[in-house]
Each structure stands twice: as C-alpha cells, then as structure tokens.
Amino acid sequence: MTPTFTKIVADKVTCTVNKIVLLPPTSLTIKAGENIAITGQNGCGKTTFLRVLTGNLRPTGGKITRDDQPIDERDPATRQVIAPLIGPVAGFRDLTVADHLIMVDQTWGGDREGACERIAAVLNRLDILQFGNRFMHELSSGQRQLAELSMVLLRPSALLVLDEPEQRLDEGRRTLLGEVLRERIKTGSSVVWVCHDKAMAEASATRIVRFPQGS
Ligand SMILES: Nc1ncnc2c1ncn2[C@@H]1O[C@H](COP(=O)(O)OP(=O)(O)OP(=O)(O)O)[C@@H](O)[C@H]1O
C-alpha cells in the first residue's frame with residue numbers, strides 16, 4: 001500500500017544540548033501535497049529541525065506529530081511515510097550504484113521482476129544512467145549527490161525530507177532537481193527541503209519558510 005499522511009504538526013519544537021540552543025521554538029504545519037523550502041543563515045537550526053521532523057532527534061521542548069501519532073525513526077510506521085536524505089549516505093566500497101539501488105528497492109518491498117526497470121528509470125530521470133555500474137567512490141561529488149538522491153527517490157514514501165539537495169550540483173542539474181521535486185508533488189507526494197539557493201527555492205517550492213521564525 002502507498003504510504004500516506006494528512007498533516008504533520010510541529011508545535012514550538014526546540015532543541016537544547018548542554019544549554020546550547022540548536023533549535024529555537026519553531027512551529028510548522030506540513031499538509032500533504034506541499035513542497036516546502038526552508039531557508040536561513042548557517043547555524044540557525046535548519047538541519048536540526050529536519051532531524052526532529054524525521055524522528056532522528058527528539059525535541060527537548062514542544063511537540064511534533066504525524067496525524068496525531070509520534071514521529072520516531074525507529075518506528076517502521078514513521079519510516080514508511082518519511083524518506084530522509086540528511087548528510088552523506090554511508091555506502092559500500094565494493095557495491096556499484098545500481099547494487100545500492102537494488103538493496104534499497106528490495107528492502108522497501110519492490111517486486112524482483114520490476115527492480116531493473118525502476119532503477120533504470122530513477123537513474124535516467126536524474127541523468128546518471130551511465131553511472132549505474134560505477135562504484136560510489138568513482139563518481140564526482142555532484143554525481144555522487146545525484147546517486148544519493150536516486151536512493152531516496154526510489155523508495156516508496158509520502159514525504160521526502162532533503163537537506164540542501166542542491167549542494168554540489170551545477171546550474172543545469174539544479175534545474176533538473178527542481179523539476180523532479182515538482183513531479184513528486186504531482187504524484188501525490190510531499191517535500192520539505194533546506195535550500196541555500198534562493199532562485200531555485202522560489203522556482204520549485206510551493207512555500208518558503210525562513211528560519212529562525214520571526215526573523
Ligand atoms: N551536537 C551539538 N552540540 C552543540 N551544538 C550543536 C550541535 N549540533 C549542532 N549544533 C549547533 O546548533 C546550531 C544549529 O545547527 P544546524 O546544523 O541545525 O544549522 P543549519 O541551520 O542547518 O546550518 P547550515 O546552514 O550551516 O547547514 C548551530 O549553531 C550548531 O553549531
């Protein structure tokens with residue numbers, strides 16, 4: 001069954017470690033079908049918020065829920081809905097890009113017969129089909145970024161959460177990525193992403209939220 005959600009509500013979530021504020025009180029409601037770009041200066045708490053949103057980090061204050069249920073990445077119900085790409089993917093040195101994708105596809109219940117077609121389709125959409133047989137360490141940094149994006153795009157989810165997916169991509173690839181994110185919305189999915197490229201955020205997102213809130 002295709003995973004789904006109606007509403008994720010972050011209500012004044014905060015994160016403080018050893019009296020250091022990683023995230024000041026932040027509230028955001030994400031409705032299904034939204035494509036929200038989060039912008040803001042270095043260190044204002046964007047990645048911390050994404051970690052809270054995906055259930056990777058428990059807020060020290062406030063509350064976050066998905067359809068009134070708690071969000072916890074250890075709970076398979078959370079992982080079925082939310083697909084995060086936050087920080088680099090830890091890959092295997094002796095597996096090719098396509099091998100990694102087979103692993104992702106099969107882990108998330110893809111049928112064996114259709115795996116090659118699905119993998120070719122996502123690689124092709126990101127214009128990296130020719131790199132399917134490369135090892136991850138044989139890719140340029142931008143090509144690796146696209147390969148990591150292909151892994152999170154391939155698996156089923158209702159909400160993509162991406163931390164600066166545009167980084168290391170050239171102008172043409174940024175345009176391509178913006179198109180891919182807009183396509184996700186058309187197929188009923190949602191996206192929340194942190195972006196430092198103002199023009200790309202304005203061209204691709206349905207809503208832009210600036211952190212810290214109230215600034
Ligand atoms: N484990 C930690 N201990 C103490 N401070 C931390 C820790 N992790 C992050 N911080 C601090 O929390 C703040 C928020 O970090 P975060 O990574 O969320 O920022 P960001 O908005 O994503 O920044 P950038 O745009 O540079 O990626 C920063 O000031 C950072 O130095």
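Residues numbered from 1 in each chain as written. Predicted model: local features only at pLDDT ≥ 70, side-chain atom pairs only at ≥ 80, totals over all residues.

When you look at helix α3 (residues 97-107) in this model, what are you seeing that I'm missing?
Because each turn of an α-helix spans 3.6 residues, side chains separated by three or four positions end up pointing in the same direction. Of all the residues in α3, the buried ones are V97, A98, H100, L101, V104 and D105. Angular distribution of buried residues about the axis of α3 spans 155 degrees; they occupy a single face of the element. Away from its buried face by more than 90 degrees, α3 exposes Q106 and T107. Remark: G109 follows α3 within two positions and exhibits a positive phi of approximately 85 degrees. (Buried ≥ 20, exposed ≤ 12 C-beta atoms within 10 Å, placed from the backbone. Helix = DSSP H or I, 4+ residues; strand = E, 2+ residues; numbered from the N terminus. Arc of directions from axis to C-beta.)

What should I look at first to understand the nonpolar core in this one?
Considering soluble globular proteins, one finds that nonpolar side chains tend to be buried as a cluster. Residues V52, L53, L159, V161 and V192 are the most contacted members of the largest nonpolar core, which totals 56 residues. When residues of this core are assigned to their parent elements, the largest contribution, five residues, is made by helix α5 (residues 141-154). Beyond its immediate chain neighbours, meaning those up to four positions away, V52 contacts V13, C15, L23, L57, P59 and I64. (Core = buried A, V, L, I, M, F, W, Y, C linked by C-beta atoms within 7 Å. Contact = placed C-beta atoms within 7 Å.)

Which parts of the structure should I look at to understand the pairing of strand β3 (residues 35-39)?
Regular strands have side chains that alternate between both faces of the sheet. Burial within β3 is extensive, with four of its five residues counted as buried. One ladder, built from four bridges, connects β3 with strand β8 (residues 190-194); its direction is parallel. For A37, the partnering residue across the bridge sits in β8 and is W193. In this structure, β3 lies alongside strand β9 (residues 207-210), joined through four bridges in parallel fashion. When the bridges of β9 are listed, T39 appears paired with R210. (Pairing = 2+ DSSP bridges.)

Could you clarify how one ought to interpret helix α4 (residues 115-125) in this entry?
Looking only at α4, the buried set comprises I119, V122 and L123. Across the axial projection of α4, the buried residues extend over an arc of 100 degrees, all falling on one side. Of the surrounding secondary structure, the elements contacted by the buried residues of α4 are α3 and α5. D127 sits one or two residues past α4 and shows a positive phi near 65 degrees.

How do you make sense of unusual backbone geometry when you look at a structure like this?
Glycine aside, residues mostly have negative phi angles, and peptide bonds mostly take the trans form. Following F211, the chain continues to P212 via a peptide bond in cis, the omega torsion being -10 degrees. Secondary-structure assignment places P212 in the segment after β9. At K19, a residue that is not glycine, the phi angle is positive and equals roughly 70 degrees. With 5 C-beta atoms counted inside 10 Å, the residue K19 sits in the exposed group. You will see that D68, though not glycine, has its phi angle at about 70 degrees, which is positive. For D68, a count of 8 C-beta atoms within 10 Å gives the class exposed.

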